[in-house]
Amino acid sequence: MADTVPSKPHFPALDALRGVAALLVVAFHLLEVHATSHLDQLINHGYLAVDFFFLLSGFVIGYAYDDRWSRMSLGEFYRRRLVRLQPMVVLGMLIGALAFYGQVNPQWPLIAQTSVGKLVLVTVLGCLLLPVPPALDVRGWQETFPLNGPGWSLFFEYVANLLYAVVVRRFSRGALTVLVAVAAAALLHLTLTSPNGDVVGGWSLEPAQLRIGFTRVLFPFFGGLLLFRTVRPGRIPYGLLWSGLLLVTLLALPRIGSAGQPWQNGLYEAGSILIGFPLVVYLGISHAQTSATVQRASRVLGELSYPLYMVHFPFVHLYFAWVHTHKLALKQSAPVAAGVWLGTVALAYACLKFYDEPVRAWLSHWVLRRAQPVSKAQ
């Protein structure tokens, strides 16, 4: 039985914003290789794109599923999310495994000491999106997903989806507002007390890192859900342009304050997540009707964003290893960095067309359709 839920109006601007954020994430990670501290990173707040993704996800989940629970089970919701997200999780981990031994450099001595058997075990855990414990560390950074770093945010994405489906979808607007307010207070406390004055973290099975991970996902995801439930789109001329400019500005603005006053930067990051990103989404959904060309470009950016996010990091690690082995400055390695950026975009598009879309179509046919009850009329 095919999905008979009527289609809803689409927000092309949100697709475009997701794509712009993903492109900036790749650039940020490549430029981060050359940073000496939090103070001199180019595209300084690029890591906040993850928090923006969480907020977009909460908004879109509410838009797609809030009105479907009378005809959709928890199991179907889980299957739909797995079909949408898991294929690229698996491919990203496999690419990370294939690139792993090419990342040997003085900064990561454990790579050369990692056996093939241990690598296979870590790969299997990664494909299942099960966090890797410190005892299985293969790089030296105690990452939960050492073969493909962005896996940590997908793990928390799944956690937020689970919380939504089991509990939060039933919340009244008032109860959801209370939850979001508490999550906002936790986020503000984190940013103002962080030693580095930022929200960086969430990728290790260590109490402080787990706290960062949960704090980073709870406000944006459920704040996005609350935004969907409370705000109605306006009609703002050039809303896509203004939202895109605001997003780029928030992510690329230089570090705020000095090393001795980390709370100043923390306050900026809290403001970006609590106020700036919701405003970006509101401007995006309020974008007045645009040309077919812009709509097509927005769709391509949106489709590209998730594969790009999930395949770029192993190549950033390869670039990192090359730069640190040969002690190269950005001016020397810039052409290679640009090539990696363009190459990962091309690879992501190929993965989208030749892997992600076909695999999701196959899974949708065999997992989602077969899971539906067959009516007597069929």
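Conventions adopted
Residues numbered from 1 in each chain as written. Predicted model: local features only at pLDDT ≥ 70, side-chain atom pairs only at ≥ 80, totals over all residues. Heavy atoms only, no water. Salt bridge = Lys/Arg side-chain N within 4 Å of Asp/Glu carboxyl O. Helix = DSSP H or I, 4+ residues; strand = E, 2+ residues; numbered from the N terminus. Buried < 20%, exposed > 50% of the residue type's maximum accessible area, 1.4 Å probe, protein only. Contact = heavy atoms within 4.5 Å. pLDDT = per-residue confidence, 0-100. Expected span 1.5 Å × (residues − 1). Core = buried A, V, L, I, M, F, W, Y, C linked by side-chain atoms within 4.5 Å. Phe/Tyr/Trp six-rings, centres within 6.5 Å; stacked < 30°, edge-to-face > 60°. Lys NZ or Arg CZ within 6 Å of the ring centre and 35° of its normal.

1. Focus on the pattern of salt bridges
Inspection of the entire model under this criterion finds 9 salt bridges. For Glu 303, the salt bridge identified is with Lys 353, shortest N-O distance 4.0 Å. Of this pair, Glu 303 sits in helix H11 (residues 292-311) while Lys 353 sits in helix H13 (residues 330-371), and the two are 50 residues apart along the sequence. The class for Lys 353 is partly exposed, based on a relative accessible area of 30%. Residue Glu 357 pairs with Lys 353 through a salt bridge whose shortest N-O separation is 3.5 Å. A residue pair is termed a helical-turn pair when its members lie 3 or 4 positions apart in one helix, as Glu 357 and Lys 353 do in helix H13 at 4 residues. The structure contains a network of salt bridges with shared partners spanning Glu 303, Lys 353 and Glu 357.

2. Describing unusual backbone geometry
Excluding glycine, residues mostly carry a negative phi; peptide bonds, for their part, are mostly trans. The phi dihedral of Ile 43 is positive, around 50°, even though this residue is not glycine. Tracing the sequence through the fold places Ile 43 in the loop between helix H1 (12-32) and helix H2 (49-65). On the basis of relative accessibility, which here comes to 16%, the residue Ile 43 falls in the buried class.

3. Notes on the environment of Phe 28
Assignment of secondary structure puts Phe 28 in helix H1. Considering only alpha carbons, one finds Phe 28 and Gln 41, 13 residues apart in sequence, at a separation of 8.2 Å.

4. Focus: the environment of Leu 74
As for its position among the elements, Leu 74 is in helix H3 (residues 74-99). Separated by 50 residues in sequence, Leu 74 and Val 124 place their C-alpha atoms 26 Å apart. What Leu 74 contacts, discounting residues up to four positions off in sequence, is Trp 69, Ala 165, Val 166 and Arg 169.

5. A short note on the environment of Leu 192
The residue Leu 192 is located in helix H7 (residues 173-193) in this model. Among the residues examined, Leu 192 registers a relative accessible area of 36% and is labelled partly exposed. Spatially, the C-alpha atom of Leu 192 lies 13 Å from that of Ile 273, the residues being 81 residues apart in sequence. Among residues more than four places away in sequence, those in contact with Leu 192 are Trp 263, Gly 266 and Leu 267.

6. Focus: the confidence of the model for the chain
Confidence in the prediction for the chain averages 93 pLDDT; 96% of positions are at 70 or higher. Every residue in residues 373-378 is under pLDDT 50, and counting partners more than four places away or in other chains gives 3 contacts.

7. Here we look at helix H5 (residues 116-127)
The periodicity of an α-helix, 3.6 residues per turn, causes residues three or four positions apart to be oriented the same way. Here H5 is 12 residues long and its end C-alpha atoms lie 16 Å apart, about the 16 Å a rise of 1.5 Å per residue gives. Taken together, the buried positions of H5 are occupied by Leu 119, Val 122, Thr 123, Leu 125, Gly 126 and Cys 127. Lining the buried residues of H5 we find H3.

8. Re the nonpolar core
Grouped together as the largest cluster of nonpolar side chains are 99 residues, with contacts concentrated most on Phe 52, Tyr 164, Phe 277 and Val 281. Beyond its immediate stretch of four places on either side in the chain, Val 281 contacts Leu 14, Phe 52, Leu 55, Leu 56, Phe 59 and Leu 227.

9. Section: the packing of aromatic side chains
Using the criterion set out here, one finds 23 aromatic pairs in the structure. Summarising the aromatic geometry, the rings of Phe 28 and Tyr 47 are spaced 5.7 Å apart at their centres and angled 65° between planes, so their arrangement reads as edge-to-face. In this pair, Phe 28 sits in helix H1 while Tyr 47 sits in the loop between H1 and H2, placing the two residues 19 residues apart along the sequence. Each of the two residues, Phe 28 as well as Tyr 47, counts as buried. Here Phe 52 and Phe 277 contribute two aromatic rings whose centre-to-centre distance is 5.4 Å and whose plane-to-plane angle is 65°, an arrangement assigned as edge-to-face. Of this pair, Phe 52 sits in helix H2 while Phe 277 sits in helix H10 (residues 262-285), and the two are 225 residues apart along the sequence. Side by side, Phe 52 and Phe 277 carry an identical accessibility label, which is buried. Here the guanidinium or amino end of Arg 139 rests over the ring plane of Trp 108, the centre of that ring lying 4.6 Å away. It is Arg 169 that lies over the ring of Trp 69; its NZ or CZ is 4.0 Å from the centre.

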